[in-house]
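# Structure assessment
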Amino acid sequence: MTAVVTAPTVVERVYAPIHDGLAVAHRNLIALRRVPRLLIFSTVQPLVFILMFRYVFGGVTGRALNGISYVDFMMPGIFVQAAVFGAMNTAIGLATDMQTGLMERFRSLPMARSAVLSGRTLADLTRNVFVVSLMTGVGFALGFRVHTDAWRFLAGVVLVLLFGFAMSWIFATIGMAVGDPETAQAAAFPMLVPLVFASSAFVPVATMPGWLQAFANNQPVSATVEAVRTLVLGGPAASLVWQALAWDAGIVAVFAPLGVWLYRRAV
Amino acid sequence: MHDAPAIAVSGLTKRFGDVTALGGIDFEVPQGTVFGLLGPNGAGKTTAIRILTTIIRPSSGRAEVLGHDVAEEPATVRRLIGLAGQNAAVDPNLTARENLRLIGRLTRLPARRLDPRAAELLEQFDLVAAADRPVRTYSGGMRRRLDVAAALVSEPPVLFLDEPTTGLDPQSRGALWELIRQLLREGTTVLLTTQYLEEADRLANRVAVIDEGRIIADDAPGVLKERLGQTVIELDMGDEARAAEAATLITTRLQRAPGREGPLLRLAAPDGSMLLMDVMHALEGDGMVPRTIAVRESSLDDVFLALTGHRTEDTP
Ligand SMILES: Nc1ncnc2c1ncn2[C@@H]1O[C@H](COP(=O)(O)OP(=O)(O)OP(=O)(O)O)[C@@H](O)[C@H]1O
Ligand SMILES: [Mg+2]
């Protein structure tokens with residue numbers, strides 16, 4: 001048997017990562033459907049958060065909120081925190097992937113080296129669509145109201161999903177770096193907590209001590225929350241949206257190559 | 001490229017920290033043949049396969065598949081090979097069909113070929129009945145068969161099988177052997193590792209015996225046997241005490257000490273039938289009648305013993 005092999009063309013080089021990433025994402029989504037507890041537990045946490053924040057802090061009013069009801073104030077924060085905590089699953093999922101024998105075969109296949117990571121982040125993006133839809137329903141049931149219009153709300157949801165996708169790449173890299181699911185979880189959690197809580201997600205930054213404000217005002221969770229909040233509650237949003245998008249783009253630009261580099265090295 | 005050997009390995013080494021998994025191996029596999037890599041646990045078989053399938057890089061030396069260097073042109077090599085590794089590399093949450101389709105997509109099979117190819121392989125590997133069940137519900141042998149099937153999805157010209165029949169029942173093993181012979185007729189080159197000596201003997205055109213990261217023999221199985229082979233006589237004396245007694249008798253009367261293993265005595269000689277008569281004579285007078293007598297041509301197991309001074313650890 002003679003085999004004629006030609007070097008991959010430019011089209012193949014561009015097309016391959018997309019094609020292979022989608023194939024791996026499809027595999028991950030089948031697993032998600034077949035092991036529904038993964039999906040259930042990734043929705044339970046955000047729902048618990050909605051309920052807790054709605055009723056524990058729901059009575060908070062005051063000048064800091066500019067007369068907005070707390071439930072309307074917090075919902076954008078809740079959406080964003082769900083996307084961020086959801087990214088922890090990316091680290092766990094990828095670390096779990098790396099321990100399966102399937103990776104051994106993947107390395108011997110003519111598939112894009114990025115596909116295992118992009119397949120995981122794309123699958124988690126799809127899962128986030130489901131989680132965010134569910135949260136929207138629950139939020140409305142608990143009294144959340146959009147002050148602007150459906151399009152701006154939709155734009156806010158897209159921003160949340162994009163941010164979740166960007167965070168997935170950070171945590172994919174962490175999952176690759178630590179290599180086992182337990183460590184991935186242990187490593188991810190303490191990184192997420194300050195990002196989420198030292199932000200404008202649940203309380204106005206102005207109420208924090210000065211040194212913390214410096215951090216809270218200059219990190220991606222706040223940037224995304226501010227953009228989504230402005231989209232949903234009203235006000236000029238364009239520059240905030242661009243800032244949030246810049247964070248997303250910057251994060252992916254740094255962590256996607258880093259994660260793929262780690263994948264190439266890890267055996 | 002057409003005349004390049006399917007696999008060419010020279011001076012290949014691999015170190016993991018202090019461990020030298022491969023201490024410089026050389027071999028060549030012509031296209032359309034089966035090459036057997038035979039060795040005990042830890043010999044370096046899997047390491048050699050992982051280098052040849054671009055999973056890990058060699059520490060030094062060269063390895064080529066159909067003329068393409070595995071370290072320099074891994075992307076090209078990956079399009080020429082199929083791998084069934086030592087551990088089942090299939091997704092437990094997917095069905096067999098979904099697993100095969102996934103591999104098909106990742107090896108760039110045209111979309112319209114995905115379903116027919118999966119169906120063909122499910123048929124060939126006797127997995128039709130379980131095809132649409134998640135693989136986590138499979139038995140070890142079924143998983144193993146799926147794993148080998150997955151290696152064949154893209155109909156690669158060079159196939160690597162790392163202990164392909166480990167964990168298979170005799171029937172599945174026979175079926176896999178038949179399949180390998182079929183692939184061979186179609187021109188595929190196969191490199192397989194095994195601890196089952198019988199397997200290398202039956203399938204391979206050429207066998208390399210590997211021990212502690214070095215190739216200690218490389219020849220046609222028949223030649224190996226001829227070079228080192230003898231007729232082996234095995235006497236089962238029933239129990240250890242009788243075996244010891246018989247061993248003493250044989251030693252004093254024939255001036256040669258049989259090998260002893262529990263109740264078994266083992267002797268080997270180029271002229272087996274003569275030896276057998278002598279042994280019977282030596283034991284006759286004292287009523288030391290063996291329970292059973294086995295006379296056989298030396299197997300690769302015996303070859304291994306002769307080459308290394310120790311037996312392979314796992315024989316079927
Ligand atoms: N990733 C690794 N890190 C450290 N040592 C390794 C690694 N992989 C293999 N080794 C060592 O290299 C040697 C050869 O291992 P290898 O897996 O190639 O053996 P093998 O012939 O396939 O054995 P088996 O029949 O048990 O599968 C062993 O001593 C093993 O411990
Ligand atoms: Mg092995």
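Heads up: these notes are all about the structure in this document. (Residues numbered from 1 in each chain as written. Chains lettered and ligands numbered in written order. Predicted model: local features only at pLDDT ≥ 70, side-chain atom pairs only at ≥ 80, totals over all residues. Heavy atoms only, no water.)

## A short note on the overall build of chain A
Let me state the cut-off plainly: Secondary structure elements are taken from DSSP: a helix is a run of H or I of four residues or more, a strand is a run of E of two residues or more, and numbering for both begins at the N terminus. Here, Shrake-Rupley sampling with a 1.4 Å probe gives the accessible areas, and only protein chains in the shown set may cover a residue. The sign given to each residue is positive for Lys and Arg and negative for Asp and Glu; His and the chain ends receive no count. By convention, the charge on Lys lies at NZ, on Arg at CZ, on Asp at CG and on Glu at CD.
Secondary structure summary: chain A contains 10 helices and 0 strands in total. The linear arrangement of helices and strands in chain A, starting from the amino end, is α-α-α-α-α-α-α-α-α-α. Along the first, second and third principal axes, the C-alpha atoms of chain A reach 80 × 35 × 35 Å. Of the accessible surface of chain A, which amounts to about 11800 Å², a share of 70% is contributed by carbon and sulfur atoms. The average position of the 17 basic charges and that of the 11 acidic charges among the side chains of chain A differ by 2 Å.

## Describing the site of ligand 1
All names here are of chain B. Selection rule: Proximity is defined per residue: if any heavy atom of the residue lies within 4 Å of a molecule or strand, that residue is considered near it. For this analysis, a polar contact is any N or O atom pair within 3.5 Å, provided that within protein one partner can donate a hydrogen and the other can accept it, and provided that sequence-adjacent residues contribute only side-chain to side-chain pairs. Residues were grouped as follows: Ala, Val, Leu, Ile, Met, Phe, Trp, Tyr, Cys and Pro as nonpolar; Asp, Glu, Lys and Arg as charged; and all remaining residues, including Gly, as polar.
As a matter of local geometry, ligand 1 sits amid 14 residues, with Gly42, Lys45, Thr46, Thr47 and Gln86 nearest to it. The contact in question runs from an oxygen atom of ligand 1 to an N or O atom on the backbone of Gly42, over 2.8 Å. Separating an oxygen atom of ligand 1 from a backbone N or O atom of Ala43 is a distance of 3.1 Å. At the level of secondary structure, the elements contributing two or more residues to the shell around ligand 1 comprise β2 (19-29) and α1 (45-52). Considered class by class, the residues forming the shell around ligand 1 number 5 nonpolar, 7 polar and 2 charged.

## Here's the deal with the sheet that holds strand β1 (residues 7-16) of chain B
As a reminder of what qualifies: Think of it this way: DSSP has to see at least two bridges between two strands before they count as a pair.
Judged by pairing direction, the sheet is antiparallel, and its 4 strands sit side by side in the order β2-β1-β4-β5 (chain B) without closing on themselves. Edge positions in the open sheet fall to β2 and β5 (68-69) of chain B, since each of these has one partner strand only.

## Let's talk about the interface of chain A and chain B
Rules: Only heavy atoms matter for contacts: two residues are in contact if any of them lie within 4.5 Å across the pair. Joining two parts hides part of their accessible area as seen by a 1.4 Å probe, and the buried area is that hidden amount summed over both. The term salt bridge refers to a pairing of a side-chain nitrogen on Lys or Arg with a carboxyl oxygen on Asp or Glu at a separation within 4 Å.
Tallying the contact residues gives 32 residues for chain A and 37 residues for chain B. A combined buried area of about 3100 Å² lies between chain A and chain B, and 60% of that area is made up of carbon and sulfur atoms. The tally of links from chain A across to chain B stands at 5 salt bridges. The shortest N-O distance in the salt bridge between Arg105 of chain A and Asp147 of chain B comes to 2.6 Å. In this structure, the connection of chain A to chain B is made through 11 residue pairs in polar contact (both at pLDDT 80 or more). Elements with a minimum of two residues in the side of chain A that touches chain B: α1 (10-34) and α4 (102-108) of chain A.

## Brief notes about the sheet that holds strand β7 (residues 158-162) of chain B
All names here are of chain B. Stated precisely, the cut-off is as follows: Axis lines are fitted through C-alpha atoms, for helices just across the contact stretch, and the angle between N-to-C directions can take any value from 0 to 180 degrees.
Ordered in space as β6-β7-β8-β3-β9-β10, the 6 strands form an open sheet in which the pairing is mixed. Edge positions in the sheet fall to β6 (81-84) and β10 (214-219), since each has one partner strand and no second. Across the sheet, the mean angle from the axis of one strand to that of its neighbour is 15°, orientation sign disregarded. Here 4 bridges tie strand β3 (residues 34-38) to strand β9 (residues 206-211), and the two strands are oriented parallel to one another.

## Notes on the pairing of β3 of chain B
Residues and elements named next belong to chain B. Definition in use: Classification of residues uses two cut-offs on accessible area relative to the type maximum, computed with a 1.4 Å probe and protein chains only: under 20% is buried, over 50% is exposed, and between them is partly exposed.
With 5 of 5 residues buried, β3 lies mostly within the body of the structure. Side-chain alternation along β3 places Val34, Gly36 and Leu38 on one buried face and Phe35 and Leu37 on a second face that is also buried. By the bridge criterion, 5 bridges tie β3 to strand β8 (residues 189-194) in an arrangement that is parallel. The residue of β8 that forms the bridge with Phe35 is Leu191.

## Focus on unusual backbone geometry
Residue and element names in this part refer to chain B. Even without being glycine, Thr54 reaches a positive phi, approximately 70°. Structurally, the position occupied by Thr54 is in the loop between α1 and β4 (60-65). Thr54 gets classed as buried once you look at its relative accessible area, which sits at 10%. Positive phi, close to 50°, is recorded for Glu212, a residue that is not glycine. Its place among the elements puts Glu212 in the loop between β9 and β10.

## Some words on the environment of Pro58 of chain B
Residue and element names in this part refer to chain B. Considering the arrangement of structural elements, one finds Pro58 in the loop between α1 and β4. By relative accessible area, which is 18% here, Pro58 ends up buried. Other than its neighbours up to four places away in sequence, Pro58 contacts Leu12, Thr13, Lys14, Ile51 and Ala71.

## Focus: the packing of aromatic side chains
To keep things clear, this is the line we draw: Classification of ring pairs uses Phe, Tyr and Trp, with its six-membered ring standing for Trp, and accepts pairs whose centres are within 6.5 Å; under 30 degrees between planes counts as stacked, over 60 as edge-to-face, and the remaining range as tilted.
In this structure the tally under the stated criterion is 12 aromatic pairs over all chains. Relative to Phe202 of chain A, the ring of Phe53 of chain A lies with its centre 4.1 Å away and its plane at 20°, an arrangement referred to as stacked. Here Phe53 of chain A, found in helix α2 (residues 36-56), pairs with Phe202 of chain A, found in the loop between α7 (181-197) and α8 (210-216); they are 149 residues apart in sequence, far enough to count as distant. Phe202 of chain A matches Phe53 of chain A in its accessibility class, with the two residues each being buried. Ring centres 4.7 Å apart and planes at 15° place the aromatic pair Phe27 of chain B and Phe35 of chain B in the stacked group. For the pair Phe27 of chain B and Phe35 of chain B, one class covers both residues: buried. By way of ring pairs, the aromatic residues Phe49, Phe53, Phe85, Phe189, Phe197 and Phe202 of chain A are connected into one cluster.

## Brief notes about the pattern of salt bridges
Evaluated as defined, the whole model comprises 24 salt bridges over all chains. Arg97 of chain B is paired through a salt bridge with Asp132 of chain B; the nearest N and O atoms lie 2.9 Å apart. Highlighted residues: Arg97 of chain B in helix α3 (residues 96-106) and Asp132 of chain B in the loop between α4 (111-124) and α5 (140-152), separated in sequence by 35 residues. Residue Asp132 of chain B is classed as exposed on the basis of its relative accessible area of 53%. For Arg266 of chain B, the salt bridge is made with Glu234 of chain B, and the minimal N-O distance between the two is 2.7 Å. You can see Arg266 of chain B sitting in strand β13 (residues 264-269) and its partner Glu234 of chain B sitting in strand β11 (residues 231-236), a full 32 residues away along the chain. One salt-bridge network, held together by shared partners, links Arg27, Asp97 and Arg120 of chain A together with Asp91 of chain B.

## Here's the deal with α2 of chain A
Residues and elements named next belong to chain A. Just so we agree on the cut-off: In this scheme, a helix's expected span is set at 1.5 Å multiplied by one less than its residue total.
The end-to-end C-alpha distance of α2, which contains 21 residues, comes to 30 Å, matching closely the 30 Å that a straight helix rising 1.5 Å per residue would cover. Buried within α2 we find Ser42, Thr43, Pro46, Phe49, Ile50 and Phe53. Considering only its buried residues, α2 is in contact with α3 (70-99), α5 (115-141) and α7.

## A closer look at the coordination of the magnesium ion (ligand 2)
Residues and elements named next belong to chain B. We apply this condition: We call an atom a donor if it is N, O or S and sits within 2.8 Å of the metal, or 3.2 Å for Na, K and Ca. Water is not counted, so some sites may look partial.
The protein atoms donating to the magnesium ion (ligand 2) are Thr46 (OG1) and Gln86 (OE1), with metal-donor distances spanning 1.9 to 2.1 Å. Of the two residues, Thr46 is situated in helix α1 and Gln86 in the loop between β6 and α3; the sequence distance between them amounts to 40 residues. Judged by its relative accessible area of 35%, Gln86 falls in the partly exposed class.

## With respect to the packing of helix α9 (residues 220-233) of chain A against helix α10 (residues 238-265) of chain A
The angle between the axes and the distance between the axes are what describe a pair of packed helices. Residues and elements named next belong to chain A. Under the convention used in this document: By definition, turning the near helix anticlockwise from the far helix through less than a right angle yields a left-handed crossing, and turning it clockwise yields a right-handed one.
Relative to each other, α9 and α10 sit at 145°, their axes nearing to 8 Å. With respect to the hand of their crossing, α9 and α10 are arranged in left-handed fashion. Contact with α9, carried on its side by Pro220, Ala223, Thr224, Glu226, Ala227, Thr230 and Leu231, involves Leu240, Val241, Ala244, Trp247 and Ile251 of α10 and no other residues of that element. Looking at the contact of α9 with α10 residue by residue, the class counts come to 9 nonpolar, 2 polar and 1 charged.

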